[in-house]
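This is what each chain is made of:
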Amino acid sequence: MDYAAQLDRIIDEVIAPNAAAIDGEARFPREAVDALAAAGVLALTVPATYGGAGLGLREAADVVGRISTACGSTAMVVCMHYAGTAALVATDREDALREIAEGRHLTTLAFSETGSRSHFWAPLSTATGIGDEVLLAASKSWVTSGLEATSYVWSSTPLAGDGPMTLWYVRRGAEGLTSPGGFDGLGLRGNGSVPLRADDVRVAVADMLGADGAGLDIALAAVLPVFLVLNASASLGLARAVTTATAQHLTTTSLGHLGQSLAQQLPARTRLARMQIESDRTQGLIDGALTAVEEGRPEAQLLVLETKAAADETAAFVADTAMAACGGAAFRKELAVERRFRDSRAARVMAPTTDALLDFIGRAMTGQPLLDAPTGPAAATRGAA
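Thresholds applied
- Residues numbered from 1 in each chain as written.
- Predicted model: local features only at pLDDT ≥ 70, side-chain atom pairs only at ≥ 80, totals over all residues.
- Heavy atoms only, no water.
- Helix = DSSP H or I, 4+ residues; strand = E, 2+ residues; numbered from the N terminus.
- Rg over C-alpha atoms; globule rule 2.2 N^0.38 Å.
- Contact = heavy atoms within 4.5 Å.
- Pairing = 2+ DSSP bridges.
- Phe/Tyr/Trp six-rings, centres within 6.5 Å; stacked < 30°, edge-to-face > 60°.
- Lys NZ or Arg CZ within 6 Å of the ring centre and 35° of its normal.
- Expected span 1.5 Å × (residues − 1).
- Buried < 20%, exposed > 50% of the residue type's maximum accessible area, 1.4 Å probe, protein only.

Trainee: Help me understand the overall build of the protein in this model?
Mentor: Per the secondary structure count, the protein includes 11 helices and 10 strands. For 385 residues, the compact-globule formula gives about 21 Å, and the C-alpha radius of gyration of the protein, at 21 Å, lands near that figure. Along the three orthogonal principal directions, the C-alpha set of the protein runs to about 80 × 45 × 40 Å. Expressed as a percentage of contacts within the protein between residues at least 6 apart in sequence, the contacts between residues at least 24 apart total 71%.

Trainee: Whenever I open this one, the sheet that holds strand β3 (residues 133-143) confuses me. Can you help?
Mentor: Within a beta sheet, neighbouring strands are joined by backbone hydrogen bonds and run either parallel or antiparallel to one another. The four strands lie next to each other as β2-β3-β7-β6, forming an open sheet whose pairing is antiparallel. For this open sheet the edge positions go to β2 (126-130) and β6 (177-178), each flanked by a neighbour on one side alone. In this sheet, strand β7 (residues 194-204) lies alongside β3 in antiparallel orientation, the contact comprising eight bridges. Counted as the bridge partner of L135 is R202 from β7.

Trainee: When you look at the packing of aromatic side chains in this model, what are you seeing that I'm missing?
Mentor: Enumeration over the complete set of coordinates arrives at five aromatic pairs. Measuring from ring centre to ring centre gives 6.2 Å for F111 and F120, while their planes differ by 15°; the resulting arrangement is stacked. Cluster of aromatic residues (ring-pair linked, three or more members): F111, F120, W121 and F360. K140 extends its terminal NZ or CZ atom over the ring of W154, reaching a point 5.1 Å from the ring centre. Over the aromatic face of F341 sits the side chain of R345, whose NZ or CZ is 4.3 Å from the ring centroid.

Trainee: Help me understand helix α10 (residues 354-365), please; the structure alone is not making it clear to me.
Mentor: Residues separated by three or four positions in an α-helix point in the same direction, a consequence of the helix having 3.6 residues per turn. Helix length check: α10 (12 residues) gives 16 Å between terminal C-alpha atoms against 16 Å at 1.5 Å per residue, within 8%. When α10 is considered as a whole, its buried residues turn out to be T354, A356, L357, F360, I361 and R363. For α10, the secondary structure elements touched by its buried residues are α6 (215-252) and α8 (300-326).

Trainee: Is there a simple way to explain the sheet that holds strand β8 (residues 208-209) in this structure?
Mentor: Judged by pairing direction, the sheet is mixed, and its four strands sit side by side in the order β1-β4-β5-β8 without closing on themselves. Both edges of this open sheet fall to β1 (107-110) and β8, since each of them pairs with a single strand only. The pairing of strand β4 (residues 151-156) with strand β5 (residues 166-171) spans six bridges and is classified as antiparallel. Counterpart to S155 in the pairing with β5 is L167.

Structure representation (structure tokens):
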């Protein structure tokens, strides 16, 4: 699939022209999603046997990074779609994968919960079996594309099995599924991230993704690497866009009393240089992680964990530096630095947060498990069962 030319066209004709309005109106980028679906970009990682392009993580990272240079909200929608698709591929959910391949299905993750917040690995939501059906009850805190996705990869405590988590395939519009609030965030304002509540939402037992209790294993092995690398790619795309905008501003803006451009001022140039260096460092880390994954190297897990933690910090640093380098102009919306500055604040608090990732990295380096055994009421209940 020659996705690059299609993607460039969609970015130029749809995503970039609408980016400011998507942010300003906190509007979901439906036009962009529909265009990406029609062009087959949303089916990039669907296996060819189901009609998709059958491409891998490197190509998905390229797509998300390039979209992010134009619109962070659209990039996050696509990032979460690819992460959800990874779970559907890992559990061989053929009907959904064929719909994605046909350009009529957007999926997402529904992991984070009100009770356990960013600790996505510790769901408190429940699944109760009634014959061939299951009743799901949950309070999900933030679900990207929450009112717009076709399906959710949904986490709960196990139905009956051992383990901390079971995954489910839930369709939008299921009876009992509601959103108790909207989204009016600081950044990524168009990504449609809303809370979802499930009040005895009925799904079939056959809608279980993988084995009962094996959801965390699927999430860690199939979903988390995709989410981390693509989130990092989105942060890198933002940093690249901000660096380009800053360089253009510095070279085209003059100090009339000196007869010089801002680029001829030493402090401005050194700030720009630091922005470029940090972006290039992050690019190298992401490329190295992708190569390690592709080649099955033992350091792959550690590098993947590092990508999001490093890229999130890079995006925040570059955006901060751009605000200083561009001065008052950066506070005005027409330069688009201000929008990227706000978007750059989001990644560090997305689960797993930067603090959590630093803990994971330290654990991996010292031979410890990434996660401790679950504790609390939910774990006690499972133990009693």
